[in-house]
Amino acid sequence: MKNDIMTPERRARINLYKKIIVYSIFGIIISLLAVSIVLFIKVKQLEKLNQVELVTEKEEKKSFVEEEEKNVQETTTNKEQEQKIESKKEKNIVYLTFDDGPSSNTLEILSILDKYNIKATFFVNGRIGEDYLPLYKAIVDQGSSLGMHSYSHQFNAIYKSMEDFAADTERIHELLFNLTGQDIHLYRFPGGSSTTTTDNIPEFIEYLKRKGYEYYDWNVSGGDASSNKLKPETIVNNVISEIKENDVSMVLLHDSGSKDSTVEALDEIIKQLKDAGYEILPITDSTTPVQHIKK
Ligand code: ZN
């Protein structure tokens, strides 16, 4: 072979080349290994960093969730408080109602209500004297509610039969509509739905229901319906002592020319109710009624 003709110089040179190639390969492998190790370390570092970030993110998410839960809890607490205030309010509502008007006292009653910036409810009869006619509108203009209390207020006539009751009710409804433009749905039976002057009240209640009207009785009485003239202090005491027994009070008072002591008592009644934190409201179509006879 060619080996036989190789000079020692050539052999030495070839050995040198071989060594260079082997060392080069060895060097490349070492370099690759070194790069791999560095890369491996870098990757490990990055992974660690990533995990830290993930943990931080998780913690942030967790604290966010906790914050959210806290918020929800706070909202719930607020709602509960609101409900407490709401139910407290419910326990402190008073509806002042005046029956049998309008009368020569109506304007004075309205001006006392105005003084305290409150509204009441007037269950009125049909009075077509020229002094009375403007008073229906005056009640509405003050912001108080109108209710029907029959046209004639004569028990014998209106409670005689279904036809009489319906005719009387339509008569007062029409009068109020003509004078104020309001389609009144509130009704109060003369004598209340517990009146013993007729056995037909359930039938009349059915009639009111058919017409879309609602009837309202009372659970507090000023006692001013009695023919004896009461002292204003007695009316105040009657009202204040009875109101304490109820969550929601509908107070029976009278707007009648002969009931001056009611007017005299009114200022003091409102003052005491306001001082005690009661809310005084007019009855509206959405007011839950107080009724003596269950439907
Ligand atoms: Zn009456």
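Before reading further, recall that the structure is shown in the block above.
Residues numbered from 1 in each chain as written. Predicted model: local features only at pLDDT ≥ 70, side-chain atom pairs only at ≥ 80, totals over all residues. Heavy atoms only, no water.

1. Some remarks on the overall build of the chain
In step 1: What the chain contains, in helices and strands, is 8 helices and 8 strands.
In step 2: The proportion of buried residues among the 295 residues of the chain is 36%.
In step 3: Sequence separation of 24 or more characterises 78% of the internal contacts of the chain that already satisfy a separation of 6 or more.
In step 4: Accessible surface for the chain amounts to roughly 18300 Å². Of this, 55% is attributable to carbon and sulfur atoms. (Helix = DSSP H or I, 4+ residues; strand = E, 2+ residues; numbered from the N terminus. Buried < 20%, exposed > 50% of the residue type's maximum accessible area, 1.4 Å probe, protein only. Contact = heavy atoms within 4.5 Å. Areas by Shrake-Rupley, 256 points an atom, 1.4 Å probe, with all protein chains shown as cover.)

2. Observations concerning a nonpolar patch on the surface
In step 1: Residues L16, Y17, I20, I21, I25, F26, I29, I30 and L33 make up a contiguous nonpolar surface patch of about 890 Å² in total accessible area.
In step 2: Overall, the relative accessible area of 48% leaves L16 in the partly exposed class. (Patch = residues over 30% accessible without salt bridge, like charges linked within 9 Å, V, L, I, M, F, W, Y side chains within 5 Å. Salt bridge = Lys/Arg side-chain N within 4 Å of Asp/Glu carboxyl O.)

3. As for helix α6 (residues 201-211)
Think of an α-helix as 3.6 residues a turn; residues three or four steps apart then line up on the same face.
In step 1: By the burial criterion, the buried members of α6 are I201, F204, I205, Y207 and L208. For α6, the arc enclosing every buried residue in end-on projection is 155°, short of the 170-degree limit, so these residues lie on one face. Summarising the geometry of α6, the exposed residues directed more than 90 degrees from the buried face are P202 and R210.
In step 2: For α6, the secondary structure elements touched by its buried residues are α4 (155-158), α5 (162-180), β4 (186-187) and β5 (214-215).
In step 3: Within two residues after α6, G212 carries a phi angle of roughly 85°, on the positive side. (Arc of directions from axis to C-beta.)

4. Focus on the packing of helix α3 (residues 133-142) against α5
In step 1: Taken N-terminus to C-terminus, the directions of α3 and α5 make an angle of 75°; their axes are 9 Å apart at the nearest point. Looking at the two axes, α3 sits roughly perpendicular to α5. Packed against α3, whose contacting residues are L133, Y136, K137 and V140, the element α5 presents L175, L176, L179 and T180 at the interface.
In step 2: Across the contact of α3 with α5, the residue classes tally to 6 nonpolar, 1 polar and 1 charged. (Axes fitted to C-alpha atoms, helices over the stretch in contact; angles between N-to-C directions. Parallel < 35°, antiparallel > 145°, perpendicular 65-115°, else oblique. Nonpolar A, V, L, I, M, F, W, Y, C, P; charged D, E, K, R; others polar.)

5. Some thoughts on the pattern of salt bridges
In step 1: This model, assessed by the stated rule, comprises 4 salt bridges.
In step 2: D99 is the salt-bridge partner of R188, the closest N and O atoms lying 2.8 Å from each other. Of this pair, R188 sits in the loop between β4 and α6 while D99 sits in strand β1 (residues 93-101), and the two are 89 residues apart along the sequence.

6. Quick look at the packing of helix α2 (residues 106-115) against α3
In step 1: Following both chains from N to C, one finds α2 and α3 inclined at 5°, their axes separated by 10 Å at the closest point. With respect to their mutual orientation, α2 and α3 come out roughly parallel. Between α2 and α3, the contacting residues are T106, L107, L110, L113 and D114 on the first element and L135, A138, I139 and Q142 on the second.
In step 2: Considering only residue class, the contact of α2 with α3 consists of 6 nonpolar, 2 polar and 1 charged.

7. Digging into the pairing of β1
In step 1: Along β1, 9 of the 9 residues are buried, which leaves the element largely enclosed by surrounding structure.
In step 2: Both β1 and strand β7 (residues 248-254) contribute to a ladder of 7 bridges, which runs parallel. Paired with I93 across the strands is V248, a residue of β7.
In step 3: The pairing of β1 with strand β8 (residues 279-280) spans 2 bridges and is classified as parallel. The residue of β8 that forms the bridge with V94 is I280. (Pairing = 2+ DSSP bridges.)

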